[in-house]
Amino acid sequence: MLRTTSFRKYLPVVIAILILTLLGSCRTDFETEVSSGNLEFSRDTVYLDTIFSNIGSSTYTLKVYNRSKKDIHIPSIRLNRGENSNYRLNVDGIPGKSFSDVTLLAKDSLFVFIETTLDIEDLSQEDSYLYTDQILFEGSSKQQEVELVTLVNDAIFLYPERFADGTTETLQLGIDEDGDPIEIDGFFLKDEQLHFTSNLPYVIYGYAAVPSGKTLEIDAGARLHFHRNSGIIVANQGSLQANGEASNDPQAMEKEIIFQGDRLEPDFANIPGQWGAIWFTNGSTNNYMKHSTVKNATVGLLVEGNDGGETLKLDNVQIYNNSTVGILARTGHITGTNLVVANSGQSAFAGTLGGKYSFTHCTFANYWRRGHRNLPAVLLSNQMAVSNTEVFIADLEQADFKNSIIYGSNQQELVLEHNEQASFNFSIDHSLIRVEDPYNNLVDLPDYDFENTDLYNNIILNQDPKFHNPENFNFHIDIQESAAKEIGNGAYIFAAPTDLDGISRPSSQPDAGAYQATEVIEED
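The numbering scheme is per chain: residues are counted from 1 as the chain's sequence reads. Local features in this predicted model are restricted to residues whose pLDDT is 70 or higher, and side-chain atom pairs enter the listing and the counts only when it is 80 or higher, whereas totals over whole chains, interfaces and linings include all residues. The basis for every side-chain value is the complete set of non-hydrogen atoms in the structure, without hydrogens or water.

A.B. asks: Pulling in residues and values, what's your account of the nonpolar core?
C.D. replies: In plain words, nonpolar cores are sets of buried Ala, Val, Leu, Ile, Met, Phe, Trp, Tyr and Cys residues tied together by side-chain atoms within 4.5 Å. Residue burial is assigned from relative accessible area. The probe radius is 1.4 Å, only protein chains are included, and a residue is buried under 20% of its type maximum, exposed over 50%, and partly exposed in between. Ranked by size, the top nonpolar core spans 75 residues in total, and within it Phe259, Met289 and Leu301 carry the most contacts. Grouped together as the second largest cluster of nonpolar side chains are 26 residues, Leu48, Val112, Tyr131 and Ile135 included.

A.B. asks: Now, about the sheet that holds strand β2 (residues 40–41): what can you tell me, with residues and values included?
C.D. replies: In this analysis, strands are considered paired if DSSP registers two or more bridges between them. Helix and strand definitions here come from DSSP, where helices need a minimum of 4 consecutive H or I residues and strands a minimum of 2 consecutive E residues; each element is numbered from the N-terminal end. With antiparallel pairing, 5 strands are arranged side by side in an open sheet as β2-β4-β9-β6-β7. The two strands at the open ends of the sheet, each matched to only one other strand, are β2 and β7 (94–96). Inspection of the sheet shows strand β4 (residues 60–66) paired to strand β9 (residues 108–116) by 7 bridges, in the antiparallel sense. When the sheet's bridge partners are listed, Tyr60 is paired in β9 with Ile114.

A.B. asks: Which residues make up the side chain of Gln516, and what values do they have?
C.D. replies: Mapped onto the elements of the fold, Gln516 is located in the segment after β43 (474–477). For Gln516, a relative accessible area of 10% puts it in the buried group. Definition of a polar contact: a pair of N or O atoms within 3.5 Å, with one able to donate and the other able to accept a hydrogen when the atoms are protein atoms, and with sequence-neighbouring residues admitted only if both atoms are side-chain atoms. Here Asp511 takes part through its backbone nitrogen, which lies 3.0 Å from a polar atom of the side chain of Gln516. Residue contacts are defined here by distance: any two heavy atoms, one from each residue, within 4.5 Å place the two residues in contact. Setting aside its immediate chain neighbours within four residues, Gln516 contacts Ile477, Asp499, Ile503, Ser504, Arg505, Pro506, Pro510 and Asp511.

A.B. asks: So what's going on with unusual backbone geometry? Which residues, and what values?
C.D. replies: The phi dihedral of Phe473 falls on the positive side, at around 65°, and the residue is not glycine. Counting through the fold element by element, Phe473 comes out in the loop between β42 (467–469) and β43. Phi is positive for Gln509, which is not a glycine, with a value near 55°. Mapping Gln509 onto the fold places it in the segment after β43.

A.B. asks: So, the side chain of Asn403: which residues are in play, and what are the values?
C.D. replies: One can find Asn403 in the loop between β35 (396–402) and β36 (405–408). Excluding anything up to four places from it in sequence, Asn403 contacts His361, Cys362, Asp429, His430, Ser431, Gly488, Asn489, Tyr492, Pro510, Ala512 and Gly513.

A.B. asks: Requested: an account of the sheet that holds strand β17 (residues 207–210), with residues and values cited.
C.D. replies: Strand order across the open sheet formed by 10 strands is β13-β14-β17-β20-β23-β25-β27-β29-β32-β37, with mixed pairing between neighbours. Each of the sheet's edge strands pairs with one partner strand only, and the pair in question is β13 (170–175) and β37 (414–417). Pairs of neighbouring strands in the sheet enclose a mean axial angle of 20°, with direction left out of account. Summarising the sheet, strand β29 (residues 347–353) and strand β32 (residues 378–381) pair through 3 bridges and their orientation is parallel. Bridge assignment links Ala350 to a residue of β32, and that residue is Leu379. Here an axis means a line fitted to C-alpha atoms, over the contact stretch when the element is a helix, while the angle between two N-to-C directions is reported on a 0 to 180 degree scale.

A.B. asks: Summarise the confidence of the model for the protein; cite the residues concerned and give the values.
C.D. replies: A residue's pLDDT is the confidence the predictor assigns to it, expressed on a 0 to 100 scale. The predicted model of the protein has a mean per-residue pLDDT of 90, with 89% of residues at 70 or higher. Segment residues 17–28: pLDDT under 50, and 0 contacts once partners within four positions in sequence are set aside and those in other chains are kept.

A.B. asks: Which residues make up the pattern of salt bridges, and what are the values?
C.D. replies: The term salt bridge refers to a side-chain nitrogen of Lys or Arg lying within 4 Å of a carboxyl oxygen of Asp or Glu. Under the defined criterion, the tally for this structure stands at 13 salt bridges. Close ionic contact of Arg67 with Glu40 constitutes a salt bridge, the shortest N to O distance being 3.0 Å. Of this pair, Arg67 sits in the loop between β4 and β5 (72–79) while Glu40 sits in strand β2; the two residues are 27 residues apart in sequence, bridging distant segments of the chain. Among the ionic pairs, Glu304 bridges to Arg330, the shortest N-O distance being 3.4 Å. Taken together, the residues Glu304 in strand β25 (residues 299–304) and Arg330 in strand β27 (residues 325–330) connect sequence positions 26 residues apart.

A.B. asks: How would you explain the packing of aromatic side chains if you had to name every residue and give the values?
C.D. replies: Aromatic contacts are taken between Phe, Tyr and Trp rings whose centres are within 6.5 Å, Trp giving its six-membered ring; a plane angle under 30 degrees counts as stacked, one over 60 as edge-to-face, and the others as tilted. Summed over all chains, the structure comprises 22 aromatic pairs. Judged by centre distance (6.1 Å) and plane angle (55°), the ring pair of Phe349 and Phe364 falls under tilted. One end of the pair, Phe349, is in strand β29; the other, Phe364, is in strand β31 (residues 363–366), with 15 residues separating them in the sequence. The pair Phe349 / Phe364 is uniform in exposure class, with both members buried. Pairing Phe426 with Tyr456 gives two aromatic rings, centres 5.8 Å apart and planes at 70°, and the pair type is edge-to-face. One end of the pair, Phe426, is in the loop between β37 and β38 (427–429); the other, Tyr456, is in strand β40 (residues 456–457), with 30 residues separating them in the sequence. The class for Tyr456 is buried, based on a relative accessible area of 2%. An aromatic cluster of three or more residues is present, and its members are Phe349, Tyr357, Phe359, Phe364 and Phe401. If you follow Arg67 out to its NZ or CZ, it ends over the ring of Tyr65, 4.1 Å from the centre. Comment: the charge-over-ring label is applied if NZ (Lys) or CZ (Arg) is within 6 Å of the ring centre and within 35 degrees of the ring normal.

This is the structure we're talking about:
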């Protein structure tokens, strides 16, 4: 028989044990949810300073925030290149290259420390001077990433200033309808930054702006690499002068100026939309580009306004593989010779609000293969809708195409949008164009009267120019079968006596387009 006095003696101990047991069974401190992929970071890109071979970098810090009210765990934090990465991580005191089920409490943060050591001899050719990787954060619904960028073999980084409060330097583009400023990440180039040489490549983050009254000079052989949402803006009364030269080696293009993205891996060689645009704003002046290539942007060139003067001159320039438009002009004034504008998600050239244009021995071709394309290779319009009820109009003062090619994979590669409230002046002379009209939708429209020699003089209509390999950006024409062969007017070659390859054009009956016809060479 249990004696009452004995039970009372141990009663406090029993109660304490019961309370601890109950409390332990109700604890939720260590019950976490899987991260949904809504982490926040102190920065979206970690730039590691220039490093020399076999000398370790400084340690850089990334802070990861859980802004939610719930404790979470991150299923995986890892380097995209895996164990082969030259970066080293330390996540909350634990070193490694991959981590599983990392706990992050509500309203808390964790530190990720990053270092690298690189041997130049071990880097692959595609890494070149810029070594990159990503820290991947797995979530239940999406994956997040933070870019890692290391300058290895010397380059010049240009990027907006980051202020002590965490904000970044911006450029103001204007005011929206609510009176708020329209801003983008960017910065004005300083005087000492207005001469790009071929000594080192340039890597640009954000928009590099050429100030009013200043000129950005780019030497032959320069290489410009742009991060996503980055580019160049030429301000009112500013100028850009790209002084490329003909290269001795067409493959190396050693004297060509090349504008492209900053992802150098082979898989990104032909990915459109990697960066923003080169933007010639209204009032920019005395701009020209010679022997230059612009590729893989969102918009290759954005040209606005002419204020009565020539905005831009293009000579021996290639613009291709841009996700929307190769050249987007709004009341621009452009002169182009030996120009190839090709393979864009919408149009190769879109003159969308009047302007003044003269193109001689140019090729506008669109064989876009990354989705459906509704717009033609060349769009000319003297109007632009800005809302459902408002349309801007402006005179199309001139749009002349001489000894040129307008062609592509769509049936109609020239579209003319003519608002009768403004002038609409264009002419196509000794050129090859594709405007098929199987349903006779265009027969009653005067702008498509191909018998009108004021508009169409000695044109070749709907015959194949036989480009060598348009999907691979080779717009040479076949010497045996091209319909563009010997259709040009010799009187126009003074503007371009040699083609884009430097081949002399004959004084009579030159070939149309940017290239004289050549034998097709099988490509690997």
